[in-house]
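Take a look at the letters that make up each chain.
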Amino acid sequence: MSIADPIISMRGVTKVYGQGPTAFQALKGIDIDIAQGDFVAVMGPSGSGKSTTMNILGCLDVPSGGEFLFKGRHVETLDRDQRALLRRRYLGFVFQGFNLLSRTTALENVELPLLYRGEDKKTRYDMGMAALDKVGLKDWWDHTPAELSGGQQQRVAIARAIVTHPDVLLADEPTGNLDSERSVEIMELLTDLNRNSGITVLMVTHEPDMAAFARTIVHFKDGLVERVEQKVAA
Amino acid sequence: MLGTTITLAFRAINRHKLRSFLTTLGIIIGVAAVVTMVTLGNGATAAVREQISSLGANVLQLRPGQGFGRGGGGPRPPDFKERDLTAIENQLTGVRAVAPVVQSSGTAIYEGNNWSTTVYGTTSAYSEVQQWKVADGRLFLPDEEEAGKSVCIIGNTVRTNLFQGTEPVGKRMRIKGVSCQVVGVLATRGQGGFGDQDDVVVMPIKFVQRRFTGDRDISQIMVAVDDAYDTSTVQSSLEELMRERRKVKAGDQDNFNVFDTKQISDTLTGTTTILTQIVGAVAAISLLVGGIGIMNIMLVSVTERTREIGIRLAIGAVAREVLLQFLVEAIVLSCLGGLIGLFLALIATAAIAPLMQVPFLFDIKVNFIAFVFSAAIGVVFGYFPARRAAALNPIDALRHE
């Protein structure tokens, strides 16, 4: 697939874990282009390389070979700190396991990326509350994760991911730990963010129901892109 | 970046009170144990040294016979006479003071209380030789000594048991059936190497000789050597003088002996040195044990926090920011623990020292070393596991259970 001026572009990306005879090739040459503002679902069976791809897309991991351009920058040439700064600036993460800091209020969890960006207290509060408002948890700002339901925790995690107004939101099985009703709520929230805030959403899922919310579905198999489905805009 | 990190560090400490408390506790116990032990040990050492010096510096004890006893078989070696005392005073150079001693034991009675004690017959010079001070009342007057009047100076143990709180000076008590007036109380000297040094009644020697021993013999002569003279030289001269006076033939064994208290003092000083070394060794071990405790809680805490490190890295923290936060946390907790430990040690030693009857000696060096060592262990073991965690791929750190 080839798109003009993609925000993300992978060319022949490979990833090998381990060395020698025990080495395992997770990715065997991935080519993907993702346009700004797209909603992409990555699907595939376990071990197909979808999570590995997401980690590389999220600048959390580096490819063993090939090229990965993020906003025109060669991520494979960047060091750890440079990639951390890239994440801080342009990326938001949502994990299957929520990964909120325990004993920390919703607002403080959401403010965390702003702290690392060096925003002052007032800005952090305003932006943090705005993000919580977007996910519908403004009134829950002073609750700790232990006091929130799974769906609420995931929404706090989404608020944390979008508080910095990132270009790309990466979600790794965001509904994996939730029941179907909560899952739909989360997907509607992601769809809303994609449509109304213009955030590019990349999501790994193995549930077709969830993938149906996306505009583009990339199917992985055995470390390769098997096929790409494009939904016709309604 | 530093401000943010410090904010985060304090937030983390505040939020995980139990964990922070346990970390701090390791350091508190480490520091408090070591400082208390060493401070008390030093106090004990000082107390021993104090008692050694209470023996009187550079004092020669002249006794009849060999050794402490009166010798083996054969005729009993004669006691000394007053003229021996005069000879020592007049013929020996380098003598500061000479005091005769006669000992007798008996029961003292005051208003129905009785107490078994030791009576020392001596002169006022004894206080100079032994560095005994009168805390209350006075020493004997020259005419009381000359006439052998029935007056006495009592030790604190006798005062406590006999007078039980009432003022003894000026009162009359009975000693071995004889009435005597208390003119003074000795300053407390405590438990010495030779038993309770406060369990004594001191009386003029002439009185003791007349009423208790029944002769004019002197069983022991204490000679204080002037600081400007060498004790061993004075000892040789004293031995020579006594051989001459007691007509000991050349080649014959002395029928008296001169004992240098410095020898006892040297022996005890050796013991004290060993004591100090033992205290040091125990302190080193407790510091090590305390250190292992600190390492333990720090390692557990960091393992538990690996996932947190993963979260922070994933949302865009640079590894060194995460590390700096952990470093600040470790420094704050370690220093806090160290200070609390020092404070507790101060309270503990101040409370225990009087119970052990040892002086409370605040040693800044011990406090400093214990603090620095424990705090350094806290920082190092808080920091290095965190560094390992921060070096992980954020994904692996997040998956860490």
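No experiment lies behind these values; they were computed from the predicted model shown.

(A) The packing of aromatic side chains, seen in detail. For the structure shown, the criterion picks out six aromatic pairs over all chains. Residues F93 of chain A and F95 of chain A carry aromatic rings whose centres are separated by 5.9 Å and whose planes lie at 5° to one another, so their mutual orientation is stacked. A ring pair is formed by Y120 of chain B and Y126 of chain B, whose centres lie 6.2 Å apart and whose planes are at 35°; its orientation type is tilted. By the burial criterion, Y120 of chain B is buried, and Y126 of chain B matches it. Directly above the aromatic system of F212 of chain B lies the positively charged group of K176 of chain B, at a separation of 5.1 Å from the ring centroid.

(B) Structural detail: the UniProt feature "transmembrane region" (unreviewed entry) in chain B. All names here are of chain B. The UniProt record annotates "transmembrane region" (unreviewed entry) at residues 21–41, 278–302, 323–352 and 364–384. The straight-line gap between the two end C-alpha atoms of residues 278–302 is 36 Å; of that span, 100% is helix and 0% is strand. Annotation note: span residues 364–384, helix share 100%, strand share 0%, distance between end C-alpha atoms 30 Å.

(C) Local environment of the interface of chain B and chain A. Counting residues at the interface gives 27 residues for chain B, matched by 25 residues for chain A. Taken over both partners, the interface formed by chain B and chain A buries close to 2400 Å², and the fraction arising from carbon and sulfur atoms is 54%. In this structure, the connection of chain B to chain A is made through four salt bridges. Between E108 of chain A and R11 of chain B there is a salt bridge, with the nearest N and O atoms lying 3.8 Å from each other. Those elements giving two or more residues to the side of chain B that touches chain A turn out to be α1 (2–15), α9 (261–314), α10 (319–356), α11 (364–391) and α12 (394–399) of chain B. Looking at the side of chain B that touches chain A, the element that brings in the most residues is α9 of chain B, giving six residues. Residues that form the side of chain B that touches chain A fall into these classes: 14 nonpolar, five polar and eight charged.

(D) Up close: the packing of helix α5 (residues 150–162) of chain A against helix α6 (residues 180–196) of chain A. All names here are of chain A. Where α5 contacts α6, the two axes come as close as 10 Å, and the packing angle between them is 15°. Between α5 and α6, the interaxial angle falls into the category roughly parallel. As for how α5 packs across α6, the hand of that crossing is right-handed. Touching G151, Q154, R155, I158 and I162 of α5 are R182, E185, I186, L189, L190 and L193, all from α6. Here the residues of the contact of α5 with α6 are counted per class, giving six nonpolar, two polar and three charged.

(E) Focus on the sheet that holds strand β8 (residues 200–204) of chain A. Residue and element names in this part refer to chain A. Pairing is mixed across the open sheet formed by six strands, whose spatial order is β6-β7-β8-β3-β9-β10. The sheet is open, and its two borders are formed by β6 (91–94) and β10 (224–230), each paired with just one other strand. Taken pair by pair, the neighbouring strands of this sheet meet at an average axis angle of 20°, ignoring direction. As paired strands, strand β9 (residues 216–221) and β10 are joined by six bridges and run antiparallel to one another. By the bridge assignment, F220 is partnered in β10 with V225. Contacts from α5 reach β6 and β7 (168–172) within the one sheet, and its direction differs from that of β6 by about 170°.

(F) Geometry of helix α2 (residues 80–90) of chain A. Looking only at α2 of chain A, the buried set comprises R83, A84, L86, R87, R88 and Y90 of chain A. One side-chain oxygen of the residue at the start of α2 of chain A lies 3.2 Å from the amide nitrogen of D81 of chain A, identifying that residue as D79 of chain A.

(G) The arrangement of helix α6 (residues 156–163) of chain B in detail. Among the residues making up α6 of chain B, those that are buried are T157, V158, L162 and F163 of chain B. Q164 of chain B sits one or two positions beyond α6 of chain B and adopts a positive phi of about 40°.

(H) Region of interest: the sheet that holds strand β4 (residues 65–70) of chain A. Residues and elements named next belong to chain A. One open sheet holds the four strands; their spatial order is β2-β1-β4-β5, and the pairing between them is antiparallel. The open sheet is flanked by β2 (24–34) and β5 (73–74), the only strands paired with a single partner. With eight bridges joining them, strand β1 (residues 8–17) and β2 adopt antiparallel strand pairing. Following the sheet pairing, Y17 is matched in β2 by F24.

(I) Just the nonpolar core, in detail. Residues and elements named next belong to chain A. With 51 residues, the main nonpolar core has I8, F68, F70 and L202 as its most contacted residues. If we skip the residues at most four places from it in the chain, F70 touches I7, I8, V75, L86, Y90, L91 and V168. Grouped together as the second largest cluster of nonpolar side chains are 39 residues, F39, V94, M127 and V156 included.

(J) Molecular detail of the packing of helix α3 (residues 82–91) of chain B against helix α8 (residues 231–245) of chain B. Residue and element names in this part refer to chain B. For the pair α3 and α8, the least separation of the axes is 11 Å and the interaxial angle reads 140°. By the angle between their axes, α3 is oblique relative to α8. Seen along the crossing, α3 lies across α8 with a hand that is right-handed. Contacts between α3 and α8 involve R83, D84, A87, I88 and Q91 from the former and L238, L241, M242 and R245 from the latter. Grouping the amino acids of the contact of α3 with α8 by side-chain chemistry returns five nonpolar, one polar and three charged.

(K) Quick peek at the side chain of Q220 of chain B. All names here are of chain B. Secondary-structure assignment places Q220 in strand β11 (residues 220–225). By relative accessible area, Q220 is classed as buried at 7%. With sequence-adjacent residues up to four places away left out, Q220 is seen in contact with Q61, L62, R63, F80, A99, P100, V101 and Q103.

(L) Highlighting the pattern of salt bridges. Evaluated as defined, the whole model comprises 23 salt bridges over all chains. Across the pair R88 of chain A and E321 of chain B runs a salt bridge, and its minimum N-O distance is 2.5 Å. With R88 of chain A in helix α2 and E321 of chain B in helix α10, this residue pair bridges two chains. No difference in accessibility class separates R88 of chain A from E321 of chain B, as the two residues are buried. Put simply, R117 of chain A and E119 of chain A hold a salt bridge, and the shortest N to O gap is 4.0 Å. The structure contains a network of salt bridges with shared partners spanning R305, E308, R312 and E329 of chain B.

(M) Seen up close, the side chain of N99 of chain A. The topology assignment puts N99 of chain A in the loop between β6 and α3 (106–116). A relative accessible area of 7% places N99 of chain A in the buried class. In this structure the side chain of N99 of chain A is engaged in a polar contact, spanning 2.4 Å, whose partner is the side chain of R307 of chain B. In contact with N99 of chain A, not counting residues within four places along its chain, are R160 of chain A together with R307, I311 and L398 of chain B.

Scoring rules and cut-offs
Residues numbered from 1 in each chain as written. Chains lettered and ligands numbered in written order. Predicted model: local features only at pLDDT ≥ 70, side-chain atom pairs only at ≥ 80, totals over all residues. Heavy atoms only, no water. Phe/Tyr/Trp six-rings, centres within 6.5 Å; stacked < 30°, edge-to-face > 60°. Buried < 20%, exposed > 50% of the residue type's maximum accessible area, 1.4 Å probe, protein only. Lys NZ or Arg CZ within 6 Å of the ring centre and 35° of its normal. UniProt positions renumbered as here; feature names shortened; annotations may be inferred. Helix = DSSP H or I, 4+ residues; strand = E, 2+ residues; numbered from the N terminus. Contact = heavy atoms within 4.5 Å. Buried area = accessible area lost by both parts, 1.4 Å probe. Salt bridge = Lys/Arg side-chain N within 4 Å of Asp/Glu carboxyl O. Nonpolar A, V, L, I, M, F, W, Y, C, P; charged D, E, K, R; others polar. Axes fitted to C-alpha atoms, helices over the stretch in contact; angles between N-to-C directions. Parallel < 35°, antiparallel > 145°, perpendicular 65-115°, else oblique. Left-handed = near helix turned anticlockwise from the far one by under 90°. Pairing = 2+ DSSP bridges. Polar contact = N/O pair within 3.5 Å; in protein donor to acceptor, adjacent residues only side chain to side chain. Core = buried A, V, L, I, M, F, W, Y, C linked by side-chain atoms within 4.5 Å.

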